Amino acid sequence: MEYGILVVDDEKEIRDFLFQALTRFAGFKVELAASAEEALQKIKAGAFDLVLTDLKMPQKDGLQLVVEIGNTNPEILTVMMTGHGTIDSVLEAMKRGVSDYITKPFNLKEMVVRLQKVLKEKQRFVKLKDFAAQLERANQELRRIDEMKSEFISVASHELRTPLAAIKNSVQLILSGKTGALNETQAKFLSMADRNITRLTNILNDLLNLSKIESGKIEMKIEELDLRPPIEFILSSLKPQADSKSIQLIMEAPEKLPMVYGDREKIEQIMINLVGNGLKFTPAGGRISVAVKLQDGERNNLAVSVQDTGMGIPPDQLEKVFDRFYQVEGSLNRSVGGTGLGLAITKGLVESLQGKIWVESEIGKGTTFTFTLPVAKGEKREPHFRILLDREFRRAQENLLPLTLLLIEVLEESDEVKTAALDQLEDLVRKCLCRKADLLIRREKDKILAALCETDLKGAQVIRRRIEEKAQEEFIAGREQPPVIKVGAATYPDEALSKRELFGKAKERLRR
């Protein structure tokens, strides 16, 4: 492959020497420029793989040239030549994006080797970039297929529940005797049908819940709450089932627990799944204890452990227990029934609440499931939005996707006018958002928070302009003095690499 190199130096002798050396001995295609300005003009007109530039030049030096090339043609490599530059100049050049540097007077063989090395590194980078692009396209296709699968499961589960409910109502009506007397055999078979309809309905509900969790569409009502009441409620609800097997249910927790961020209904579902799982696998006369405490070594998470004295899980199966449809016994003749979705749903719910879950077990001694929830810090930020943003930010990091945060505020002295304006603005913003997955939260009498999923800097600017233009159009109508609306926006990873930075930059722009 013949590489194109642009040599930039204000000394004609050096330009001529490098032209002869690089074309004859290295086989490069070489063009020359006497100044940074001429070099930029030639870069606009032709294609180059590398620019070899002097550091010290009149008017515009090599560092300035490197910066401009980086801004306009980042794919072009740059190598610096210096005869009297200090190490500081070299370091500064490397910071600006220079791939290598060569000192004067030249060692021709060394210079050719170093240029070839830089160009080969570029070749490898291009190949890796192409490979990464292929992987990303494959990942996008897999995500699309996964979304189609989740959508199919969701629609199928939802559509099947309606006829099942009608069938169940009909069977129960017949069993009640309102349609006529039943003999013992008829009642027996109808009761079997009723139980199996209930079981099928539960499977469909599990599939629907799992589909919502995986697609990120599960509804959450995040609030600051005390964990003790929901745990005590579940333990009292399951006590009759435990008593029937003479299993003790014990709760171990300090009197004062820190508040956590969570959804009470989802936490109750997690506890039902974990304690119910323990009841299935714990023999008569056993014990299930629920312990609540701050996670060891930190004060940001509250840990809830559900420990049973059941049969235990083999070490080689511990990593699989949270997989969909997985049954520990792994046979069709297992002694304990179930769909194998309960723990997968539990894991999804815990992670949707920004917690973690894990399992420890010993054969013949029992199993302990532990999950964590974030401790509430009394932040002014809406906790519901915080949890959702944390989830989307983590998804953006894992999948190398952009994410934009919008803060929208109405500047108005009158609370009544401000509230009315926020109501109108909230509807308007919803219309401007580009994806169903975008998050929108209204803070009471304060501001609107929005997270635009998979929206890069350019897309965010378009949506922001759209919001501002629509607001002007709609608020001016019927008002003598429309309220002042301010929008602060920041985009990951273009402008911020952490959630803290994202909020900080958006707030800073909101104050301007």
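Everything numeric in this text was worked out from a predicted model, so none of it was measured.

**Considerations on the overall build of the protein chain**
Here's step 1: Each helix and strand in the protein chain was counted, giving 13 helices and 16 strands.
Here's step 2: Per-residue burial for the protein chain yields a buried fraction of 41% across its 512 residues.
Here's step 3: Nonlocal contacts in the protein chain, meaning residues at least 24 apart in sequence, comprise 68% of its contacts between residues at least 6 apart.
Here's step 4: Entry remark: accessible area of the protein chain is about 28700 Å², with carbon and sulfur atoms responsible for 51%.

**Details of the pattern of salt bridges**
Here's step 1: Per the stated rule, a full pass over the model turns up 16 salt bridges.
Here's step 2: Across the pair E110 and R114 runs a salt bridge whose closest N-O atoms are separated by 2.8 Å. Taken together, the residues span about one helical turn, with E110 and R114 both in helix α5 (residues 108-175) at a distance of four residues.
Here's step 3: The class of E110 is partly exposed, set by a relative accessible area of 39%.
Here's step 4: One salt bridge connects K239 with D243, and the closest N-O pair in it is separated by 2.9 Å. Placement of the pair is K239 and D243 together in helix α7 (residues 228-244), with a separation of four residues, close to one helical turn.
Here's step 5: Looking at K239, the relative accessible area reads 43%, which means it is partly exposed.
Here's step 6: The exposure class of D243 is partly exposed, given its relative accessible area of 43%.
Here's step 7: Salt bridges here are not isolated pairs; linked through shared partners, they connect D9, D54 and K104.

**Describing the sheet that holds strand β5 (residues 100-103)**
Here's step 1: A sheet is described by the order of its strands in space; here five strands give the open sequence β2-β1-β3-β4-β5, paired in parallel fashion. The open sheet is flanked by β2 (29-33) and β5, the only strands paired with a single partner. Neighbour to neighbour, the strand axes of the sheet diverge by 20 degrees on average, direction disregarded.
Here's step 2: Bridge count for strand β3 (residues 50-54) against strand β4 (residues 77-82) is five bridges, and the pairing is parallel. Along β4, the bridge assignment pairs L52 with V79.

**Topic: α7**
An α-helix turns once per 3.6 residues; consequently, residues spaced three or four apart project the same way.
Here's step 1: The end-to-end C-alpha distance of α7 is 25 Å, a good match for the 24 Å that 17 residues give at a rise of 1.5 Å each.
Here's step 2: Helix geometry: α7 is bent most strongly at L238, by close to 45 degrees, with proline P240 lying one to four residues after it.
Here's step 3: Within α7, the full set of buried residues consists of R228, P230, I231, I234, L235, L238 and A242.
Here's step 4: Those residues of α7 that are buried lie in contact with β7 (248-252), α8 (264-281), β9 (287-294) and β10 (301-308).

**Remarks on the packing of α8 against helix α9 (residues 342-352)**
Here's step 1: Between α8 and α9, the least distance of the axes is 10 Å, while the angle of their chain directions is 145 degrees. Considering how the two elements wind past one another, α8 and α9 form a crossing that is left-handed. For the pair α8 and α9, the contacting residues are K266, Q269, I270, N273, L274 and N277 in the first and G342, L343, I345, T346, L349 and V350 in the second.
Here's step 2: Here the residues of the contact of α8 with α9 are counted per class, giving six nonpolar, five polar and one charged.

**What about the pairing of strand β13 (residues 403-411)?**
Looking along a regular strand, one sees the side chains alternate between the two faces of the sheet.
Here's step 1: Counting buried positions along β13 gives eight out of nine residues, so the element sits mostly inside the fold.
Here's step 2: Pairing between β13 and strand β16 (residues 484-492): nine bridges, direction antiparallel. Looking at the pairing, L403 lines up with Y492 of β16.

**Some words on the side chain of N277**
Here's step 1: Secondary-structure assignment places N277 in helix α8.
Here's step 2: The exposure class assigned to N277 is buried, which follows from its relative accessible area of 18%.
Here's step 3: Excluding its chain neighbours within four sequence positions, the residues that come into contact with N277 are I272, L343 and F369.

**Quick look at the nonpolar core**
Here's step 1: In this structure, L227, M271 and F371 are the most contacted members of the largest nonpolar core, which totals 47 residues.
Here's step 2: No other element matches the six residues that α8 contributes to this core.
Here's step 3: Among all residues touching L227, those that are not within four sequence positions of it are V260, I267, V292, L302, V304 and L373.
Here's step 4: Core analysis: the next-biggest nonpolar cluster, separate from the first, contains 20 residues, L22, L77, V79 and I102 among them.

**A look at the sheet that holds β10**
Here's step 1: On the basis of which strands lie adjacent, the open sheet formed by five strands has the order β7-β9-β10-β12-β11 and mixed pairing. Of all strands in the sheet, those with a lone pairing partner are β7 and β11 (357-362), marking the two edges. Direction aside, the axes of adjacent strands within the sheet are offset by 15 degrees on average.
Here's step 2: Note that β11 and strand β12 (residues 366-374) share six bridges and pair antiparallel. In the strand pairing of β12, V359 is matched with F369.
Here's step 3: Lying over the sheet, α7 contacts β7, β9 and β10, oriented at roughly 170 degrees with respect to β7.

**Quick notes on the packing of helix α2 (residues 36-45) against helix α3 (residues 62-72)**
Here's step 1: Remark: α2 packs on α3, axes separated minimally by 10 Å, with the N-to-C direction vectors making an angle of 20 degrees. On the basis of the axis angle, α2 is roughly parallel to α3. Where α2 crosses over α3, the handedness of that crossing is right-handed. Listed contacts from α3 to A36, A39, L40 and I43 of α2 are L65, E68 and I69.
Here's step 2: Here the contact of α2 with α3 is built from residues that sort into six nonpolar, no polar and one charged.

**A few points about α3**
Here's step 1: All buried positions along α3 are accounted for by G62, L63, L65, V66 and I69. Along the long axis of α3, the arc covered by the buried residues comes to 160 degrees, so they all point the same way. Exposed residues on α3 whose side chains face more than 90 degrees from its buried face are N71 and T72.
Here's step 2: Residue D61 occupies the N-cap position of α3, its side-chain oxygen lying 3.1 Å from the main-chain nitrogen of L63.

**A short note on the packing of aromatic side chains**
Here's step 1: A complete count under the given rule lists four aromatic pairs for this structure.
Here's step 2: Centroid distance F17 to F106: 6.3 Å. Interplanar angle 5 degrees. Geometry classified as stacked. Taken as a pair, F17 in helix α1 (residues 12-24) and F106 in the loop between β5 and α5 lie far apart in primary sequence, 89 residues in all.
Here's step 3: Note that R114 overlies the ring of Y101, its terminal NZ or CZ placed 5.6 Å from the centroid.
Here's step 4: Sitting over the face of the ring of F189, K188 holds its NZ or CZ atom 6.0 Å from the ring centroid.

Conventions used here
- Residues numbered from 1 in each chain as written.
- Predicted model: local features only at pLDDT ≥ 70, side-chain atom pairs only at ≥ 80, totals over all residues.
- Heavy atoms only, no water.
- Helix = DSSP H or I, 4+ residues; strand = E, 2+ residues; numbered from the N terminus.
- Buried < 20%, exposed > 50% of the residue type's maximum accessible area, 1.4 Å probe, protein only.
- Contact = heavy atoms within 4.5 Å.
- Areas by Shrake-Rupley, 256 points an atom, 1.4 Å probe, with all protein chains shown as cover.
- Salt bridge = Lys/Arg side-chain N within 4 Å of Asp/Glu carboxyl O.
- Pairing = 2+ DSSP bridges.
- Axes fitted to C-alpha atoms, helices over the stretch in contact; angles between N-to-C directions.
- Expected span 1.5 Å × (residues − 1).
- Bend = angle between axes of the 7 residues up to and from the residue.
- Left-handed = near helix turned anticlockwise from the far one by under 90°.
- Nonpolar A, V, L, I, M, F, W, Y, C, P; charged D, E, K, R; others polar.
- Core = buried A, V, L, I, M, F, W, Y, C linked by side-chain atoms within 4.5 Å.
- Parallel < 35°, antiparallel > 145°, perpendicular 65-115°, else oblique.
- Arc of directions from axis to C-beta.
- Polar contact = N/O pair within 3.5 Å; in protein donor to acceptor, adjacent residues only side chain to side chain.
- Phe/Tyr/Trp six-rings, centres within 6.5 Å; stacked < 30°, edge-to-face > 60°.
- Lys NZ or Arg CZ within 6 Å of the ring centre and 35° of its normal.

Geometry only, nothing functional implied.
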